[in-house]
Amino acid sequence: MITPRVSDIVGITNKIAPAELAESWDNVGLQLGDPAGQVSRIMVALDPGGDAVQAAVETGCQLLVTHHPFIFSPLKKISAADETGRLAIKALKNDLSIISLHTNYDIAQGGVNDLLAARLGVEGALPLKVTGGDEYVKLALFVPHGFEERLLQALSPFMAPIGSYRDCSFQGDGIGRFTPMAGANPFVGEVGLGHQEKESRLELLLPKERISGAVAAMKGAHPYEEPAYDLYPVLNRGALRGLGRIGLLAEATSAGEFARTVKERLAASGVRLVGEPGRRVRKVALCGGSGASLLREAARKGADLLVTGDVKYHEAREAEALGVAVLDAGHFATEWPMVQGLASALRRALEAKRFETEVVEFQGEREPFSFW
Ligand SMILES: [Zn+2]
């Protein structure tokens, strides 16, 4: 078993919630600390507030992973006179690093919104507001006969799956022609002489963000001094990504009955319903945290009801006008399932890498509102 470094955990969290999924205004990833620091214990929390930092330090954690960013507005100074500065100093003095996964974890598959959908029994959940899809490029490369397997093996970790199939490639036969010039050190052929070589053309699909890794791996495995290859833009798109989710309940119910279910399953202190309690609900949209801005998208996609938090008066009126019921279960209650979900995902990933690191869930967070 190995004790990982903070940078190893950044790598793991980047697989769970790739940083490039985050909204442009967001600040995600390593917020504070030393990438080289060793991590034997991690705490997961929703908020990077004083309680979480205190608990992480007290229980001997070297890393705190939160949903809400520790640093959101750019800091001009780090002073103990303000809360963020005080916590930053405390964390640094105690060798505590902080990573935040925010909108990237909202959007990620298996993230905040998929966890919420699973908790509420919303099945077949797809993104409510699509923000993008995996973008691909086609890599075509030319290798002398006999080197195909070696190249495909080197490229395998970078290839995009097609549906439920991985390692998808195509191979065709042909003749490569080239004349090595002065200064070349050719694998086959001679300087100054035209050469013909039986070659295979290999074609495969790469996610756009893996181009540089794939080209480096290809050059490393290719026998030629100057491998010939082409990268083509393609219009194929992979799995759609986006904010919120929309799916179906196994059985239709009433808005009032569903409100009771949501309150119970999220252990919420109270939920607020906009719309008739008796209206039929089957198609449910949801967005953990503040998702009232997705109301029109929910209406457009035919949702009977939107579950979210932080709903304002005028948004409730807009929902009435659009004919979509809204269930405000609170920012905290709709995001809280992420603590357990992220902790489990981290444990699985750490175990797969044989890293000896314990993950604890911060239990001290509470809904800030009380209901009277
Ligand atoms: Zn939030």
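Residues numbered from 1 in each chain as written. Predicted model: local features only at pLDDT ≥ 70, side-chain atom pairs only at ≥ 80, totals over all residues.

**Regarding the overall build of the protein chain**
To keep it simple, the criterion reads: Under the DSSP-based scheme used, a helix requires at least four consecutive residues in state H or I and a strand at least two consecutive residues in state E, with every element numbered from the N terminus. With C-beta atoms placed from the backbone, a residue is labelled by how many other C-beta atoms lie within 10 Å of its own: buried for 20 or more, exposed for 12 or fewer, partly exposed between the two. By the criterion used throughout, residues are in contact when their C-beta atoms, derived from the backbone, lie within 7 Å.
The helix and strand tally for the protein chain stands at 12 helices and 13 strands. When its C-alpha atoms are laid out on the principal axes, the protein chain stretches across 90 × 50 × 40 Å. Looking at the protein chain residue by residue over its 372 residues, the buried ones come to 36%. For the protein chain, the share of sequence-separated contacts (at least 6 apart) that also reach a separation of at least 24 residues comes to 73%.

**Brief notes about helix 5 (residues 112-120)**
It helps to recall that an α-helix has 3.6 residues per turn; residues three or four apart then point in one direction. The buried count for helix 5 comes to seven of nine residues, which makes it a mostly enclosed element. Those residues of helix 5 that fall on the buried side of the exposure criterion are Val112, Asn113, Asp114, Leu115, Leu116, Ala117 and Leu120.

**Description of the environment of Glu320**
Assignment of secondary structure puts Glu320 in helix 10 (residues 313-322). By C-beta crowding, Glu320 is classed as partly exposed, having 14 other C-beta atoms within 10 Å. As for Glu320 and Glu276, which are separated by 44 residues in sequence, their C-alpha atoms are 9.6 Å apart.

**Looking at the domain arrangement of the protein chain**
Here is the rule we go by: Note that the domain bounds reflect an automated or database-derived domain assignment.
Once the domains are mapped, the protein chain shows domain 1 (6-106 + 336-361), domain 2 (112-129 + 242-334) and domain 3 (132-239). A separation of 47 Å is found between the C-alpha centroids of domain 2 and domain 3.

**Points about the packing of helix 2 (residues 50-58) against helix 3 (residues 83-93)**
How we decide: Axes, fitted as lines to C-alpha atoms, cover a helix only where it is in contact. Angles between the N-to-C directions of the axes lie from 0 to 180 degrees. Any angle that falls under 35 degrees is termed roughly parallel, while one over 145 is termed roughly antiparallel, one within 65 to 115 roughly perpendicular, and all others oblique. Gly is placed with the polar residues, together with every amino acid not listed as nonpolar (Ala, Val, Leu, Ile, Met, Phe, Trp, Tyr, Cys and Pro) or charged (Asp, Glu, Lys and Arg).
Between helix 2 and helix 3, the least distance of the axes is 10 Å, while the angle of their chain directions is 10°. In terms of axis orientation, helix 2 runs roughly parallel to helix 3. Residues Gly50, Val53 and Val57 of helix 2 form the contact with helix 3, whose participating residues are Leu87, Lys90 and Ala91. Across the contact of helix 2 with helix 3, the residue classes tally to four nonpolar, one polar and one charged.

**Brief notes about the packing of helix 6 (residues 148-155) against helix 7 (residues 211-221)**
Where we set the bar: Take the far helix as your reference; a near helix turned counterclockwise from it by less than a right angle gives a left-handed crossing, and one turned clockwise gives a right-handed crossing.
Running from amino to carboxyl end, helix 6 crosses helix 7 at an angle of 150°, the nearest separation of the two axes being 9 Å. In terms of their interaxial angle, helix 6 and helix 7 are classed as roughly antiparallel. The handedness of the crossing between helix 6 and helix 7 comes out as right-handed. In contact with Arg150, Leu151, Ala154 and Leu155 of helix 6, helix 7 contributes Ala214, Ala217, Met218, Gly220 and Ala221. Counted by class, the contact of helix 6 with helix 7 contains seven nonpolar, one polar and one charged residues.

**Let's talk about the nonpolar core**
For the record, the criterion: By our criterion, buried Ala, Val, Leu, Ile, Met, Phe, Trp, Tyr and Cys residues that link up through C-beta atoms within 7 Å make up a nonpolar core.
Of all hydrophobic cores here, the largest spans 81 residues; its most connected members are Ile42, Val44, Leu64, Leu286, Leu305 and Leu306. The dominant element in this core, judged by the number of residues it contributes, is helix 12 (residues 337-352), at six residues. Beyond its immediate chain neighbours, meaning those up to four positions away, Ile42 contacts Ile9, Cys61, Leu63, Val65, Leu346, Thr357 and Val359. The next biggest cluster of nonpolar side chains, apart from the first, holds 12 residues, and it includes Tyr136, Leu139, Val143 and Leu151.

**A look at helix 12**
Note the threshold: To estimate the expected span of a helix, count its residues, drop one, and scale the result by 1.5 Å.
For helix 12, spanning 16 residues, the distance from its first C-alpha to its last is 23 Å, which sits close to the expected 22 Å at 1.5 Å a residue. Taken as a whole, helix 12 has its buried residues at Pro337, Met338, Val339, Gly341, Leu342, Ala345, Leu346 and Leu350.

**Quick notes on the sheet that holds strand 7 (residues 195-207)**
Here is the rule we go by: Note on pairing: two strands pair once DSSP finds at least 2 bridges between them.
Across the sheet, which stays open at both edges, the eight strands sit in the order 6-7-5-8-10-11-12-9 with mixed pairing between neighbours. Looking at strand neighbours, the two that pair on one side only are strand 6 (169-178) and strand 9 (272-274), the edges of this open sheet. On average, each strand axis in the sheet is inclined to that of its neighbour by 25°, with strand direction left out of account. Relative to strand 12 (residues 325-328), strand 11 (residues 305-309) runs parallel, the two sharing four bridges.

**As for the sheet that holds strand 2 (residues 41-45)**
Sheet architecture is open: five strands sit in the order 1-4-3-2-13, paired in mixed fashion. At either end of the open sheet lies a strand with only one pairing partner, and these are strand 1 (29-32) and strand 13 (358-361). Each neighbouring strand pair of the sheet contributes to a mean axis angle of 25°, computed without reference to strand direction. Bridge count between strand 3 (residues 63-66) and strand 4 (residues 97-100): four bridges; the pairing is parallel. Across the sheet, Val65 pairs through a bridge with Ile99, a residue of strand 4.

**Quick notes on the pairing of strand 5 (residues 122-144)**
Where strand 5 and strand 8 (residues 229-254) come together, 14 bridges link them in antiparallel fashion. Its bridge partner lying in strand 8, Val130 is registered against Gly242. For strand 5 and strand 7, the ladder comprises nine bridges, and the chain directions are antiparallel. Bridge pairing in strand 7 links Phe142 to Arg201.

**Regarding unusual backbone geometry**
Peptide bonds are, in most cases, trans, and in most cases residues other than glycine have a negative phi. One non-glycine residue with positive phi stands out, namely Ala267, at about 50°. Along the chain, Ala267 falls in the loop between helix 8 (255-265) and strand 9. The phi torsion at Arg354 lies on the positive side, around 60°, for a residue other than glycine. Along the chain, Arg354 falls in the loop between helix 12 and strand 13. Residue Arg354 is classed as exposed on the basis of its C-beta count, with 9 C-beta atoms lying within 10 Å.

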